[in-house]
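# Descriptive structure summary
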Amino acid sequence: MTSVQSGGGDFRRSLELLWGTPEEPTRGPRPGLSVQRIVRAAIDVADAEGLGALSMRRIAAALGVGAMSLYRYVPGKAELIDLMVDEVYAEDLAAARSVTGDWRQRLEEFGRQEWALYLRHPWILQVAQGRPMLGPNSMASTDVTLLAVDGIGLDEHEMLAAVVLLSSFVAGLAKTTIEAMQAADSTGVSDDEWWAIQGEYVGPAVVEGKLPMLSKVGEAGAFTSMFDHFEFGLQRVLDGIAALIEARRESGPPDRAQPPSAGCGS
């Protein structure tokens, strides 16, 4: 997947559109056109054709208007992508706010919702979020998730880290899973052909015993089984958070006011 950067355009304008109440143009060739309609049309295009197919001209065609009319509402493609990302986060907000149970049950459900979100809108994973745009829906989604780990013995740093850990696992596995699903279409090489050709080269190394552990797991069928990597990883992430909660019950929260130790030899 080729990435684009969140906030890669005029990010101040993106923030105005995300958080403000933009004035709709008083003049224009198509009454009824709005930022919301443009964003939804863009999401539909990206869902069906991928982020690479997204252009102002393509969106305008989907809406039945001229491309230049879109610029009365949105500065360009980069700012539009910021709005698209925040818009899809709104899809699960109502469901997330209604999730009940203890912290683990709630985080588990949030992880499943995020996984489903990426499968519905795989193009989101092409938007680099190392420095994300803080839109109202994405922030509300994070706030709801943080609420699930509030009051369970973690301090605020650990609460945020637990949420980031869960989301990073889901996004990372979703990216590789979706890339594998799309590989045959993007390369024109079927999965069977891909693995058969590689086997011609890797096979001799396996036979000669140069890859003993890979041979072991391969003979057990690990490479071809329908093992649920998402379910396995999700539960292990939650196990790790549970272990931290238990550790905090025994030792209390860390003293973050102390400077780090100087280390050996100081």
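Conventions used here
- Residues numbered from 1 in each chain as written.
- Predicted model: local features only at pLDDT ≥ 70, side-chain atom pairs only at ≥ 80, totals over all residues.
- Heavy atoms only, no water.
- Helix = DSSP H or I, 4+ residues; strand = E, 2+ residues; numbered from the N terminus.
- Rg over C-alpha atoms; globule rule 2.2 N^0.38 Å.
- Buried < 20%, exposed > 50% of the residue type's maximum accessible area, 1.4 Å probe, protein only.
- Contact = heavy atoms within 4.5 Å.
- Salt bridge = Lys/Arg side-chain N within 4 Å of Asp/Glu carboxyl O.
- Expected span 1.5 Å × (residues − 1).
- Polar contact = N/O pair within 3.5 Å; in protein donor to acceptor, adjacent residues only side chain to side chain.
- UniProt positions renumbered as here; feature names shortened; annotations may be inferred.

### Points about the overall build of the protein chain
Broken down by element type, the protein chain carries twelve helices and two strands. The secondary structure elements of the protein chain, listed N-terminal to C-terminal, are β-α-α-α-α-α-α-α-β-α-α-α-α-α. Against the 2.2 N^0.38 benchmark of 18 Å for 266 residues, the protein chain shows a C-alpha radius of gyration of 23 Å, more extended than a compact globule. Overall, the C-alpha framework of the protein chain stretches about 70 × 55 × 45 Å when taken along its three principal axes. A total of 266 residues make up the protein chain; the buried ones form 35% of that total. In the protein chain, 79% of the contacts between residues at least 6 apart in sequence involve partners at least 24 apart.

### Focus on the pattern of salt bridges
A full pass over the atoms with the stated rule returns 13 salt bridges. In this structure, Glu87 and Arg40 form a salt bridge, with 3.6 Å as the shortest nitrogen-oxygen distance. Taken together, the residues Glu87 in helix α5 (residues 77–89) and Arg40 in helix α2 (residues 35–49) connect sequence positions 47 residues apart. Exposure remark for Glu87: the relative accessible area of 17% places this residue in the buried category. Here Arg40 falls in the partly exposed class, since its relative accessible area comes to 28%.

### Some remarks on helix α12 (residues 229–251)
Between its terminal C-alpha atoms α12 stretches 33 Å, which fits the 33 Å expected from 23 residues at 1.5 Å a residue. Those residues of α12 that fall on the buried side of the exposure criterion are Phe230, Gly233, Leu234, Gln235, Val237, Leu238, Ile241, Ile245 and Arg248. Where α12 is buried, its residues meet α7 (103–120) and α9 (156–187). Here α12 starts with a cap whose side-chain oxygen sits 3.2 Å from the backbone nitrogen of Phe230, and that cap is Asp228. Looking one or two residues past α12, Gly252 carries a phi angle of roughly 85°, positive in sign.

### Details of the UniProt feature "domain: HTH tetR-type" (unreviewed entry) in the protein chain
UniProt marks residues 32–92 with the feature "domain: HTH tetR-type" (unreviewed entry), using the numbering shown here. Secondary structure content for residues 32–92 is 66% helix and 0% strand, while the C-alpha to C-alpha distance between its ends is 27 Å.

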